[in-house]
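So the chains spell out like this:
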Amino acid sequence: MADMYSIVKKQDEKIDDILKIAQENKDLLVGIDTRLVAAPAPVQTPTPVSTAPQTIQVELPSNVATNESVKTTVEAALKQQKRTSPKSSTSRISRKIWLMLL
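Since the model is a prediction, treat every value here as computed from it, not as a measurement.

Trainee: So, the overall build of the protein chain: which residues are in play, and what are the values?
Mentor: Within the protein chain, the regular secondary structure consists of three helices and zero strands. Ordered by position from N to C terminus, the α and β elements of the protein chain give α-α-α. On the protein chain, roughly 10100 Å² of surface is accessible, and the fraction owed to carbon and sulfur atoms is 62%.

Trainee: So what about a negative patch on the surface? Which residues, and what values?
Mentor: Side chains of D12, E13, D16 and D17 sit close together on the surface and give a patch of like negative charge. Structurally, E13 is set in helix α1 (residues 2–38).

Trainee: With reference to specific residues and values, describe a nonpolar patch on the surface.
Mentor: A cluster of nonpolar side chains, namely L29, I32 and L36, defines an oily patch on the protein surface of about 310 Å² accessible area. In this structure, I32 sits in helix α1.

Trainee: Which residues make up the confidence of the model for the protein chain, and what values do they have?
Mentor: Close inspection of predicted coordinates is inappropriate in any region flagged by low pLDDT. Overall, the predicted model of the protein chain reaches an average pLDDT of 76, with 75% of residues at or above 70. When mean pLDDT is taken per element in the protein chain, α1 scores highest with 88 and helix α3 (residues 89–101) scores lowest with 62.

Cut-offs and rules
Residues numbered from 1 in each chain as written. Predicted model: local features only at pLDDT ≥ 70, side-chain atom pairs only at ≥ 80, totals over all residues. Heavy atoms only, no water. Helix = DSSP H or I, 4+ residues; strand = E, 2+ residues; numbered from the N terminus. Areas by Shrake-Rupley, 256 points an atom, 1.4 Å probe, with all protein chains shown as cover. Patch = residues over 30% accessible without salt bridge, like charges linked within 9 Å, V, L, I, M, F, W, Y side chains within 5 Å. Salt bridge = Lys/Arg side-chain N within 4 Å of Asp/Glu carboxyl O. Lys, Arg positive; Asp, Glu negative; His and termini not counted. Charge placed at Lys NZ, Arg CZ, Asp CG, Glu CD. pLDDT = per-residue confidence, 0-100.

Spelled out as structure tokens, the structure:
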């Protein structure tokens, strides 16, 4: 019976310690909340509205593929492919690509 009493007493002491820690944490949180409420809110400055430029100039490199150059390349490839394999599945795919470019 004495062992049971000492076990319960130790558990009671542990519970008291945990309650003290919980109270300290609660006090810390209340202090943080108080400081947050007391701090002035940051002032937001309005963002300046930028005006759109009147003209936009873009310089393209000389080796950029244009629609015409792609079209002529595909046409030449199709002509070459018709000579080598007229009924292959790749020629049908190439024709679909060529039709999409038109």
